[in-house]
Amino acid sequence: MRTLIFFVSVLMLSGCSVSHYLKRELKNSPVLGQQHTGVSIQKLGEKKELAAYQSNKYYNPASNTKLFSYYAGLCALGDSIPGLEYLEWGELLLIRGTGDPSLLHPDLPKSKVFEFLKNRKEAIFFTPYNFENKRYGSGWAWSDYNDYYQPEISPLPVYGNIARFSANMAASNAAKEDESDDAVPGAPEKASRSFRVSPAFWDKAMVLDTAASGIERDEMQNLFRHSKLGVPQGLIQDVPVRMTDAITVQLLSDTLKKEIKLINIPLEIELQKVNSIPSDSLYKRMMQVSDNMLAEQLMLLYASANRLPLNTEKAIAHAIEHHMSDLPDKLVWKDGSGLSRYNLFTPRTISALLQKIHQKVPQEKLFQILPSGGRSGTLSNQFKGEKPFVFAKTGSFSNNYNISGYLITKKGKTLVFSFMNNNFTRSGSEVRKEVERILTGLYEKF
């Protein structure tokens, strides 16, 4: 009798069982029928797929691309992010960026680069000569220049390359007083603003515009048009800054309270480095909130660590050749974040990448970095249960929703999966719920 029970248990955990379940659910799904769907499921540590559905087909991964950037970072960076390279030249200090996004970033730990620059007595010159990128990635939507998720790429980001607008109760009360019958004609426009901007450097770039909706930046210059309301109470609006080399040194000079000058010269000799923040703090924020800016800058950090120019295309080519050539299918990889509509990966390739990531990072740490179902990040409202059983990266934009990561079944088996959905016309929430239902069934049954 015990032998029979053991045999049935093994059969239930077999690839055929998982495969049958997956194909049945996909075939009978009222939600997924008209879209393009691809799924790959493997046991952790095994190359053979337990179950697959069109896993060799290509799909646009959206922010699942960040898994590739994360692995590139793991292959190139140590425990700390290299924040700055410099050359001491007599009474001059020449500096250049590594692509590190942490300097004065509002959502990352304090960078050691700031104290380093603040305490230097030499005249400081910044050179962007090693930067070869455009401000946007290949295949990005240029009309999204005002949206929080698309900051510009730069060699030495400052304040996350954004201006952060938040409600200001004191200013809001002042605005109400100004609207009374006793308001003084010609009072400064700033007094009527119910919000503040950080850094305050951008105060002078604000313009009241009754036609604006919230905060709207001019496309080619840092002129921020705002409505009377600006930012409602309790909300924050991040607006990308039009970053130039001149803006970089102006922001640094204003914050450090000393002049930083711009000079465009190559530095071909060995440079000294200053580390900035722990690498895991960058990885965790990038994954938890799907931060595009951090992912893009991570690929520049990869380039810098491999002594390449700060160029995303060259960084990707290098990472593929040296660290990802063993993946099942050719990578069509164009940017670090997944904003590009040109990216194309197969589900079985993403599953294989997840196996490689798990080999690099202890599972406990990895599951803290990735969003966890019902607990953190982009999965905080999905896969709710007594304890998390899905640890994964989501990726979505119009008509696309993907999720790839690790699933621990009720019986304690760890599965690697990639579930990709492209070209649907239903609402994204319908597709997310259906994917959640199918993956939860996998957790319950196997």
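Described below are features of the structure shown in this document.

Rules behind the numbers
- Residues numbered from 1 in each chain as written.
- Predicted model: local features only at pLDDT ≥ 70, side-chain atom pairs only at ≥ 80, totals over all residues.
- Heavy atoms only, no water.
- Phe/Tyr/Trp six-rings, centres within 6.5 Å; stacked < 30°, edge-to-face > 60°.
- Buried < 20%, exposed > 50% of the residue type's maximum accessible area, 1.4 Å probe, protein only.
- Lys NZ or Arg CZ within 6 Å of the ring centre and 35° of its normal.
- Core = buried A, V, L, I, M, F, W, Y, C linked by side-chain atoms within 4.5 Å.
- Helix = DSSP H or I, 4+ residues; strand = E, 2+ residues; numbered from the N terminus.
- Contact = heavy atoms within 4.5 Å.
- Pairing = 2+ DSSP bridges.
- Axes fitted to C-alpha atoms, helices over the stretch in contact; angles between N-to-C directions.

**Some words on the packing of aromatic side chains**
Okay, so step 1: This model, assessed by the stated rule, comprises 16 aromatic pairs.
Okay, so step 2: Ring geometry for Phe383 against Phe389: centres 5.9 Å apart, planes inclined by 85°, an arrangement best described as edge-to-face. Phe389 carries the same exposure label as Phe383, and that label is buried.
Okay, so step 3: Members of the aromatic cluster, joined through ring pairs, are Phe165, Phe195, Phe201, Trp202 and Phe224.
Okay, so step 4: For Lys204, the ring lying beneath its charged end belongs to Phe201, and the centroid distance is 3.3 Å.
Okay, so step 5: The ring centre of Phe397 lies 3.8 Å from the NZ or CZ of Arg341, which sits over that ring.

**Comments concerning the nonpolar core**
Okay, so step 1: Residues Phe68, Tyr70, Met324, Trp333 and Ile357 are the most contacted members of the largest nonpolar core, which totals 46 residues.
Okay, so step 2: Sorting the residues of this core by element identifies helix H3 (66-76), helix H7 (279-288), helix H8 (292-305), helix H9 (312-323), helix H10 (347-360), helix H11 (363-369) and strand S16 (414-422) as the ones contributing at least two each.
Okay, so step 3: Among the elements that take part in this core, H8 stands out by supplying 8 residues, more than any other.
Okay, so step 4: Sequence-distant contacts of Phe68, that is, excluding residues within four places in its chain, are made with Met324, Leu327, Leu331, Trp333, Phe345, Thr349, Ile350 and Leu353.
Okay, so step 5: Counting 35 residues, the second largest nonpolar core, distinct from the first, contains Ala163, Trp202, Val241 and Met243.

**So, the sheet that holds S16**
In a beta sheet, neighbouring strands are held together by backbone hydrogen bonds and run either parallel or antiparallel to one another.
Okay, so step 1: Here 5 strands make up an open sheet; going across it, the order is S2-S1-S16-S15-S14 and the pairing antiparallel. The sheet is open, and its two edges are formed by strand S2 (49-53) and strand S14 (390-397), each paired on a single side. Each neighbouring strand pair of the sheet contributes to a mean axis angle of 5°, computed without reference to strand direction.
Okay, so step 2: The pairing of strand S1 (residues 36-43) with S2 spans 4 bridges and is classified as antiparallel. From the neighbouring strand, Ile41 faces S2, where its bridge partner is Ala51.

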